[in-house]
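Here's the letter readout for the chains.
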Amino acid sequence: MLLTPKRWKYRKPIIKSLTGKSARWTTVAFWDYGLKATTSAYISNKQIESARKVIVRSIKKVGKIWIRIFPDTPFTKKGLEMPMGTGKGDVDIYTAPVRKWKVLFEVSGLNAAEAHEVLIKASKKLPVKARVVAKGEIR
C-alpha cells in the first residue's frame, strides 16, 4: 500500500525548489544504521515503497526498519491533450521533499556489512544519491 496523507490543508500547493541543506533529521536517531541523502530531490510514494520492499526482502525477519520520510506534498499533472488555460491539473502523485543530509531510512538488527549492503540496494531505487551512516556519525 502506497503512503498518502489522510488529510491536507491545501490541495494544490506551489512546488518550491529544494536548495540548501536539511536542518532536521540529519543523524541516526532510532536504530543502528541509516541511509542519508547527499543530494536534494522530491521522492514519490512509489519510490519509497520500492525501496522499502528491497529492505524488507533483504533483512528477512531478523532486522527492523524505520522510514523517516513521508510523502505529504501533492504533485499535479495535466491530462493528455488538455489546452492551455484550463487551470491547474489534478493531483497525480504524492512526494516527500528531501534536502541533502536528511536521513531517509534506518535499520537495526544487522551487522555493519549486511546493513551497508541492504541500504545501498535501497538507495539504487531512489532519485537521490545517498550514503550509509552509523549511529553517532556526524557526516
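**Student:** Describe the overall build of the protein chain, naming the residues involved and giving the relevant values.
**Tutor:** Helix and strand counts for the protein chain come out as two helices and seven strands. When the helices and strands of the protein chain are placed in sequence order, the string is β-β-α-β-β-β-β-α-β. The C-alpha extent of the protein chain, read off along each of the three principal axes, is 55 × 30 × 25 Å. Partitioning the intrachain contacts of the protein chain with sequence separation of at least 6 by distance along the chain shows that 81% fall at a separation of at least 24. Summed over all atoms, the accessible surface of the protein chain reaches about 9100 Å², with 55% contributed by carbon and sulfur. Side chains of the protein chain carry 30 positive and 10 negative charges; the gap between the two charge centres is 5 Å.

**Student:** An account of the nonpolar core is requested, with residue identities and associated values reported.
**Tutor:** Here is a general trend for soluble globular proteins: nonpolar side chains tend to be buried in one another's company. With 24 residues, the main nonpolar core has Ile43, Ile55, Leu104, Phe105, Leu119 and Leu126 as its most contacted residues. For this core, the secondary structure elements donating two or more residues are β1 (33–37), β2 (41–44), α1 (45–59), β5 (90–98), β6 (103–108), α2 (112–123) and β7 (130–134). Leaving out residues up to four positions away in the same chain, Ile43 has contacts with Ile48, Ile69, Tyr94, Thr95, Ala96, Val98, Leu104, Leu126, Pro127 and Val128.

**Student:** Tell me about unusual backbone geometry, and name the residues and values.
**Tutor:** Positive phi is not limited to glycine here, since Lys60 has a value of about 55°. Tracing the chain through its elements places Lys60 in the loop between α1 and β3 (64–67). Owing to a relative accessible area of 61%, Lys60 belongs among the exposed residues under this scheme. One non-glycine residue, Trp101, lies in positive phi territory at about 80°. By secondary structure assignment, the location of Trp101 is in the loop between β5 and β6.

**Student:** Go over the sheet that holds β6 with me, naming the residues and quoting the values.
**Tutor:** Judged by pairing direction, the sheet is antiparallel, and its four strands sit side by side in the order β3-β6-β1-β7 without closing on themselves. Edge positions in the sheet fall to β3 and β7, since each of these pairs with one other strand and no more. The average undirected angle you get between the axes of adjacent strands in this sheet is 20°. Relative to β6, β1 runs antiparallel, the two being bridged by four bridges.

The rules behind the values
Residue positions are given per chain, counting from 1 as you read along its sequence in written order. Given that this is a predicted model, residues contribute local features only at a pLDDT of at least 70 and side-chain atom pairs are listed and counted only at 80 or more, while totals for whole chains, interfaces and linings are drawn from all residues. Think of the side-chain values as coming from all heavy atoms in the structure, minus any hydrogens and water. Under the DSSP-based scheme used, a helix requires at least four consecutive residues in state H or I and a strand at least two consecutive residues in state E, with every element numbered from the N terminus. Contact criterion: two residues are considered in contact whenever any of their non-hydrogen atoms come within 4.5 Å of each other. Each accessible area is a Shrake-Rupley estimate made with a 1.4 Å probe; only the visible protein chains count as cover when residues are assessed. By the counting rule applied here, Lys and Arg register as positive and Asp and Glu as negative, while His and the ends of each chain are not counted. Charge coordinates come from a single atom per side chain, which is NZ of Lys, CZ of Arg, CG of Asp or CD of Glu. For our purposes a nonpolar core is just a set of buried Ala, Val, Leu, Ile, Met, Phe, Trp, Tyr and Cys residues, chained together by side-chain atoms within 4.5 Å. Think of it in three bands: with a 1.4 Å probe and only protein chains considered, a residue is buried below 20% of the maximum accessible area for its type, exposed above 50%, and partly exposed in between. Strands were regarded as paired on the criterion that DSSP finds at least two bridges between them. Fitted lines through C-alpha atoms serve as axes, helices being fitted only where they are in contact, and the angles separating the N-to-C directions of these axes extend from 0 to 180 degrees.

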